[in-house]
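# Working through the structure, step by step
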Amino acid sequence: MTRFIPCALLGALLAASPVLAQSRLPDIPPAQYDEAQKKAAAEFDAARKAPLSGPFQTMMYSPEVMSRARAMGDYLRFNSAIGNTLSELVILITARAWSQSYEWSAHQPIALKAGISRDIVDAIAEGRRPERMSDDEAMIYDFTTELQVNRGVSD
């Protein structure tokens, strides 16, 4: 057993070393974009009415992947069978369940603007079931929460 100690110690030292630790892929400054990246950034801005942010910045290493990811996100957000308001509710519940602070901070103001009440948003942020929800909101909350907890839903 003692022969594993040096390996564990070496692993800990390597992980703690600022020289050897791998850093996050840096964002590409917009001034350094190539033509494909400029085109993808312009399409993003036109579709979202906002500059690139969050994971989309890192995806600019492959502007085609970034554009496809944005298009998929746009489809899921804006063409949902349950509508934008309830979609935002699902996003908040999921962001909270997975402790996704970026997703929460990006969608919390969108959810409020879409019509989710401050009381519901605050309850989800605090990890509790909101008290006053419409029937549709309660159904979405229960379904999404069951899916997050059980990794499936009952009949």
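The structure reproduced in this document is the subject of the present report. (Residues numbered from 1 in each chain as written. Predicted model: local features only at pLDDT ≥ 70, side-chain atom pairs only at ≥ 80, totals over all residues. Heavy atoms only, no water.)

## Details of the overall build of the chain
- Scanning the chain from N- to C-terminus turns up 8 helices and 0 strands.
- Element order for the chain, N to C, with α for helix and β for strand: α-α-α-α-α-α-α-α.
- Every one of the 155 residues in the chain was classed for burial, and the buried ones make up 28%.
- Contacts in the chain between residues at least 24 apart in sequence constitute 43% of all its contacts with a sequence separation of at least 6.
- Element-wise, carbon and sulfur atoms account for 60% of the exposed surface of the chain, whose accessible area totals about 10700 Å². (Helix = DSSP H or I, 4+ residues; strand = E, 2+ residues; numbered from the N terminus. Buried < 20%, exposed > 50% of the residue type's maximum accessible area, 1.4 Å probe, protein only. Contact = heavy atoms within 4.5 Å. Areas by Shrake-Rupley, 256 points an atom, 1.4 Å probe, with all protein chains shown as cover.)

## Quick look at the environment of Asp-119
- Mapped onto the elements of the fold, Asp-119 is located in helix H7 (residues 118–125).
- We classify Asp-119 as exposed; its relative accessible area is 54%.
- Spatially, the C-alpha atom of Asp-119 lies 8.0 Å from that of Arg-132, the residues being 13 residues apart in sequence.

## Quick word on the nonpolar core
- In this structure, Leu-89, Trp-104, Ile-116, Ile-120 and Ile-124 are the most contacted members of the largest nonpolar core, which totals 15 residues.
- Taken together, the elements giving at least two residues each to this core come down to helix H5 (83–97), helix H6 (101–114), H7 and helix H8 (135–150).
- Broken down by element, the residue count for this core peaks at 5 residues, all from H5.
- The next biggest cluster of nonpolar side chains, apart from the first, holds 9 residues, and it includes Ala-41, Phe-44, Leu-52 and Met-60. (Core = buried A, V, L, I, M, F, W, Y, C linked by side-chain atoms within 4.5 Å.)

## Notes on the packing of H5 against H7
- For the pair H5 and H7, the least separation of the axes is 9 Å and the interaxial angle reads 20 degrees. For the element pair H5 / H7, the angle class is roughly parallel. The handedness of the crossing between H5 and H7 comes out as right-handed. Residue-level inspection shows Leu-89, Leu-92, Ile-93 and Arg-96 of H5 in contact with H7, the latter providing Ile-120, Val-121, Ile-124 and Ala-125. (Axes fitted to C-alpha atoms, helices over the stretch in contact; angles between N-to-C directions. Parallel < 35°, antiparallel > 145°, perpendicular 65-115°, else oblique. Left-handed = near helix turned anticlockwise from the far one by under 90°.)

## Observations regarding a nonpolar patch on the surface
- Together, Met-72, Tyr-75 and Leu-76 line one region of the surface with nonpolar side chains, adding up to about 360 Å² of accessible area.
- Position of Tyr-75 relative to the elements: it lies in helix H4 (residues 63–78).
- The exposed category is assigned to Tyr-75, whose relative accessible area is 53%. (Patch = residues over 30% accessible without salt bridge, like charges linked within 9 Å, V, L, I, M, F, W, Y side chains within 5 Å. Salt bridge = Lys/Arg side-chain N within 4 Å of Asp/Glu carboxyl O.)

## Side note on the packing of H5 against H8
- Interhelical geometry of H5 versus H8 gives an angle of 35 degrees and a closest axis separation of 10 Å. Read as a crossing pair, H5 and H8 show a hand that is right-handed. Every residue of H8 that contacts H5 at Leu-86, Leu-89, Val-90, Ile-93, Thr-94 and Ala-97 is listed here: Asp-136, Glu-137, Ile-140, Tyr-141, Thr-144, Thr-145 and Gln-148.
- Its residues assigned to classes, the contact of H5 with H8 shows 7 nonpolar, 4 polar and 2 charged. (Nonpolar A, V, L, I, M, F, W, Y, C, P; charged D, E, K, R; others polar.)

## Concerning the packing of aromatic side chains
- In the structure shown here, the tally under the stated rule is 1 aromatic pair.
- Plain terms: the ring middles of Phe-44 and Phe-56 are 5.1 Å apart, the flat faces sit at 55 degrees to each other, and that makes the pair tilted. Here the residue Phe-44 occupies a position in helix H2 (residues 35–48), and Phe-56 occupies one in helix H3 (residues 55–58), the gap between them amounting to 12 residues. Of the two residues examined, Phe-44 and Phe-56, each falls in the buried class. (Phe/Tyr/Trp six-rings, centres within 6.5 Å; stacked < 30°, edge-to-face > 60°.)

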